[in-house]
Amino acid sequence: MMNPVIFLVDMQSFYASIEQSLRPETQNQPLVVAGDPERRSGIILAACPLAKACGVKTAQPLWEAQQACPNLVIVRPRMSLYLDISLQITAILEKFSDLVEPYSIDEQFISIHGSEKLFGTPLQIAQKIQQAITSKLGLNARIGIGSNKVLSKMACDHFAKKNKTGIFYLHTQDIPNRLWPLPIESLFGVGKRMAKHLRQMGIRTIGGLAQFPLERLQRRWGINGHVLWLSANGIDPSPVRTNSFDLQKGIGHHMTLPRDYRDAEEIQVVLLELCEEVCRRARTHHQMGQTVHVGCRGIDFSAPTGFQRQLKMTEATNQTMMLFQYAWAVFQRFWDREPIRSIGVQMSQLVSDAHVQLNLFTDERTHRLGYVMDEIKQRYGSSAILRASSLLQAGQARERAQKIGGHYR
């Protein structure tokens, strides 16, 4: 049986490339896609290669980017357009394999095992995919190739993006020479905080982690330590799934606030709106959550404050007010009373809503009310029915109803 071959197809400067393809006059100009500079969303979401060459970086505040590149062309995001094009890319990939798994809006895994007889070698297939995407959409794709997801992701991020062809095949036998010398921060799944912990243990490269005693990693981080060790050794048993988004373990929503929120009364308003959205999504998937997670972040980036905490509820729910009561209790307990700039709510331990445990103190109509509100919003729009608190100055529901992913459509 042939070894599996998996691609990670990544679109170069996805949002910016789409906007440039629709604006031919900007092809030779430093273009960025950025949020509203009057709000907290005024950051760089995507930058074309020319803008990056001028020192512009993704997630950089817009004003900093303009200082680095005064002649910057700024375009507001159009999320519905980007989502539509992402689906078109999926359709192109599905012509080469029936195993395509979207990983993000601009990244998709595709297993070509069995497609070689139809389309050629892995490198030939990668070239044909690039040509198909460029021909139809005018966009450039970079493709990492490996025998599993983690190798294809690493091949794309660290080699294909730096390769003139935009394609790189990371073979298993090349791991010691190619992968292990990279700094530990380069390993897929290692963030800044984890990298700091690993460096404190003397682990500075991916190879250092790969050769570190597994037992010590497991004692400190459990299953997560084991997964990182496997990734460092180029091992990833997870298959390419077409239904990966159906297997979600939690439903959540996070919001960056347009200004600093200092008062408990204002924070209550946005927390209730978040709970409303989380419960709406849960009801859409006919699920309920048993555990609530609440997190927030303070306003000082140089000395980060905030928390991430969770609480097991007495019963599974997808009712807004019940989730809010638990979420607010968690927030009050762990909030340091300092201003916040972002806040989020998530439900986990999901179960089906097919069977609801009723008791003497709950009204079945309360359970049904949320579904009725969802039907109204589905038919007439997200802002067709709102809680009165959302009409207060602190409320964000009306404005966010006009957006996708926090950005205007």
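Here, the structure is the one placed above.
Here is a short report on the structure shown in this document. Note that the structure is a prediction, hence the values are computed from the model and not measured.

Here we take up the overall build of the chain. Regarding its fold elements, the chain presents 16 helices and 15 strands. For the chain, the residues scored as buried account for 45% of the 409 residues in total. Residue pairs at least 24 apart in sequence account for 65% of intrachain contacts in the chain once pairs closer than 6 positions are excluded. Within the structure as shown, the chain displays about 21,800 Å² of accessible surface, and the carbon and sulfur contribution to it stands at 52%.

Within this structure, the stated rule accounts for 13 salt bridges. Of the charged contacts in the structure, one is a salt bridge between Arg142 and Asp10, with a shortest N-O distance of 2.9 Å. A residue pair is termed long-range when its members are at least 10 positions apart, and Arg142 in strand β7 (residues 141-146) and Asp10 in strand β1 (residues 6-11) qualify at 132 residues. Via salt bridges that share partners, Asp10, Glu107, Arg142, Lys153, Asp157 and Lys161 belong to a single interconnected network.

Right, let's get into unusual backbone geometry. Positive phi outside glycine occurs at His286, with the angle close to 55°. Positionally, His286 belongs in the loop between α13 (264-284) and β10 (287-298). Positioned with a positive phi, Gln349 is a non-glycine residue whose angle comes to about 55°. By secondary structure assignment, the location of Gln349 is in the loop between β12 (340-348) and β13 (351-352). The exposure class assigned to Gln349 is partly exposed, which follows from its relative accessible area of 38%.

Summed over all chains, the structure comprises eleven aromatic pairs. Geometrically, the ring pair formed by Tyr103 and Phe109 is edge-to-face, given 5.5 Å between the ring centres and 65° between the ring planes. With a centroid separation of 5.7 Å and an interplanar angle of 55°, the aromatic rings of Phe307 and Phe331 are classed as tilted. Remark: Phe331 occurs in helix α14 (residues 320-334) and Phe307 occurs in strand β11 (residues 306-317); sequence separation between them is 24 residues. Judged by relative accessible area, Phe331 falls into the buried class, the value being 0%. Taken together, the ring pairs connect Phe307, Phe324, Trp328, Phe331, Phe334 and Trp335 into an aromatic cluster. Over the aromatic face of Phe109 sits the side chain of Lys149, whose NZ or CZ is 5.4 Å from the ring centroid. Its guanidinium or amino end placed over the ring of Phe334, Arg309 lies 4.9 Å from that ring's centre, counting from NZ or CZ.

Attention now goes to the environment of Ala65. Checked against the element boundaries, Ala65 lands in helix α3 (residues 62-68). For Ala65, a relative accessible area of 0% translates into the label buried. In sequence terms Ala65 and Cys54 are eleven residues apart; their C-alpha atoms lie 8.9 Å from each other. What Ala65 contacts, discounting residues up to four positions off in sequence, is Ile44, Val56, Gln60 and Leu72.

This brings us to the environment of His226. Position of His226 among the secondary structure elements: in helix α12 (residues 223-232). Using a relative accessible area of 23% as the deciding quantity, one classes His226 as partly exposed. For the pair His226 and Leu214, spaced twelve residues apart in the sequence, the C-alpha separation amounts to 6.7 Å. Excluding anything up to four places from it in sequence, His226 contacts Leu214 and Gln218.

A separate point is the sheet that holds β1. With respect to topology, five strands assemble into an open sheet ordered β5-β6-β1-β7-β8, the strand pairing being mixed. The open sheet has two free edges, formed respectively by β5 (100-104) and β8 (167-169), since each of these has just one partner strand. The average undirected angle you get between the axes of adjacent strands in this sheet is 20°. Looking at chain direction, β5 and strand β6 (residues 107-111) are connected through four bridges and run antiparallel. In the strand pairing of β6, Val100 is matched with Ile110. Docked against the sheet, helix α6 (residues 122-137) engages β1, β6, β7 and β8, running at close to 160° with respect to β7.

This part covers the sheet that holds strand β3 (residues 44-47). Across the sheet, three strands lie side by side as β3-β2-β4; this open sheet has mixed pairing. Looking at strand neighbours, the two that pair on one side only are β3 and β4 (73-75), the edges of this open sheet. Averaged over all pairs of adjacent strands, the angle between strand axes in this sheet comes to 30°, irrespective of strand direction. Pairing of strand β2 (residues 31-34) with β4 involves three bridges; the strand directions are parallel. Bridge pairing in β4 places Val32 opposite Ile74. Packing against the sheet, helix α1 (residues 14-22) makes contact with β2, β3 and β4, and its axis sits at approximately 120° to β2.

It is worth spelling out the nonpolar core at this point. Nonpolar side chains in soluble globular proteins generally cluster together in the buried interior. Membership of the largest hydrophobic core comes to 43 residues, with the highest contact counts inside it found for Phe7, Val9, Phe14, Val56, Ile110, Ile129 and Ile133. Looking at this core element by element, the count peaks at six residues for helix α4 (residues 79-93). Every residue in contact with Phe7, bar those within four places of it in the chain, is listed here: Gln108, Phe109, Ile110, Ile112, Pro122, Ile125, Ala126, Ile129, Ile143, Gly144, Ile145 and Ser152. With 34 residues, the next largest nonpolar core counts Met255, Val292, Tyr326 and Ala394 among its residues.

Conventions we followed
- Residues numbered from 1 in each chain as written.
- Predicted model: local features only at pLDDT ≥ 70, side-chain atom pairs only at ≥ 80, totals over all residues.
- Heavy atoms only, no water.
- Helix = DSSP H or I, 4+ residues; strand = E, 2+ residues; numbered from the N terminus.
- Buried < 20%, exposed > 50% of the residue type's maximum accessible area, 1.4 Å probe, protein only.
- Contact = heavy atoms within 4.5 Å.
- Areas by Shrake-Rupley, 256 points an atom, 1.4 Å probe, with all protein chains shown as cover.
- Salt bridge = Lys/Arg side-chain N within 4 Å of Asp/Glu carboxyl O.
- Phe/Tyr/Trp six-rings, centres within 6.5 Å; stacked < 30°, edge-to-face > 60°.
- Lys NZ or Arg CZ within 6 Å of the ring centre and 35° of its normal.
- Pairing = 2+ DSSP bridges.
- Axes fitted to C-alpha atoms, helices over the stretch in contact; angles between N-to-C directions.
- Core = buried A, V, L, I, M, F, W, Y, C linked by side-chain atoms within 4.5 Å.

By themselves, these figures tell us nothing about what the structure is for.
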